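# Structural overview
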Amino acid sequence: MTMFDHAVKNPEGVHAKIASQLVEKVKQMPQTVQLVKDKKAVSAENLLAILGLCIKSGDIIQFKVSGEQEETAADDLKKFVQETV
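Okay, so let's go over this structure. (Residues numbered from 1 in each chain as written. Predicted model: local features only at pLDDT ≥ 70, side-chain atom pairs only at ≥ 80, totals over all residues. Heavy atoms only, no water.)

Below, the discussion takes up the sheet that holds strand E4 (residues 60–66). The four strands lie next to each other as E1-E4-E2-E3, forming an open sheet whose pairing is antiparallel. The sheet is open, and its two edges are formed by strand E1 (2–7) and strand E3 (40–43), each paired on a single side. Adjacent strand axes in the sheet meet at a mean angle of 25° when their direction is disregarded. Bridging between strand E2 (residues 32–37) and E3 involves four bridges; their strand directions are antiparallel. (Pairing = 2+ DSSP bridges. Helix = DSSP H or I, 4+ residues; strand = E, 2+ residues; numbered from the N terminus. Axes fitted to C-alpha atoms, helices over the stretch in contact; angles between N-to-C directions.)

The biggest cluster of nonpolar side chains holds 25 residues, and the ones touching the most others in it are Leu22, Leu35, Phe63 and Leu77. Mapped by element, the contributors of at least two residues to this core are helix H1 (16–27), E2, E4 and helix H3 (70–84). Setting aside its immediate chain neighbours within four residues, Phe63 contacts Thr2, Met3, Phe4, Leu22, Val33, Gln34, Leu35, Leu77 and Val81. (Core = buried A, V, L, I, M, F, W, Y, C linked by side-chain atoms within 4.5 Å. Buried < 20%, exposed > 50% of the residue type's maximum accessible area, 1.4 Å probe, protein only. Contact = heavy atoms within 4.5 Å.)

Pairing is possible between side chains of opposite charge, provided their charged atoms come close. Evaluation of the coordinates by the stated rule reveals three salt bridges. The residue Asp76 makes a salt bridge to Lys25 at a minimum N-O spacing of 2.9 Å. A residue pair is termed long-range when its members are at least 10 positions apart, and Asp76 in helix H3 and Lys25 in helix H1 qualify at 51 residues. Judged by relative accessible area, which is 38%, Asp76 ranks as partly exposed. (Salt bridge = Lys/Arg side-chain N within 4 Å of Asp/Glu carboxyl O.)

With respect to the helices, strands and loops of the structure, Glu70 is situated in helix H3. Despite its burial, Glu70 pairs with no opposite charge, the nearest such side chain being Lys64 at 12 Å. In this structure, Glu70 is in contact with Met1, Thr2, Gln31 and Val65, ignoring residues within four places of it in sequence. (Lys, Arg positive; Asp, Glu negative; His and termini not counted.)

One can describe the packing of H1 onto H3 by two numbers: an axis separation of 11 Å at closest approach and a directional angle of 165°. Considered as vectors, H1 and H3 are oriented roughly antiparallel to each other. When the axes of H1 and H3 are compared, the crossing they make is right-handed. Contact residues: H1 offers Ile18, Gln21, Leu22, Lys25 and Val26, while H3 offers Asp76, Leu77, Phe80, Val81 and Thr84. (Parallel < 35°, antiparallel > 145°, perpendicular 65-115°, else oblique. Left-handed = near helix turned anticlockwise from the far one by under 90°.)

Although it is not a glycine, Asp38 adopts a positive phi angle of roughly 50°. Of note, the phi angle at Cys54 is positive, near 50°, even though the residue is not glycine. When you line up the elements, Cys54 lands in the loop between helix H2 (47–52) and E4.

Below, the structure written as structure tokens:
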């Protein structure tokens, strides 16, 4: 399992549009991705679960990527998250 943290920069936090973009990105990956906030982990493929975390600007979120070539996938996801979230 490969993990990385991210501080949310978007002033509006993770709203529906951003969450939807994240879900679409993760669904393209063969690896399993979890999103964690305040010790609560949800599937990064589940839009409602992500919105249920109520992620605000400044929050620290963690991504856990597992599966084949997880390090490469985590790097790719990290770049996407840094540009989007």
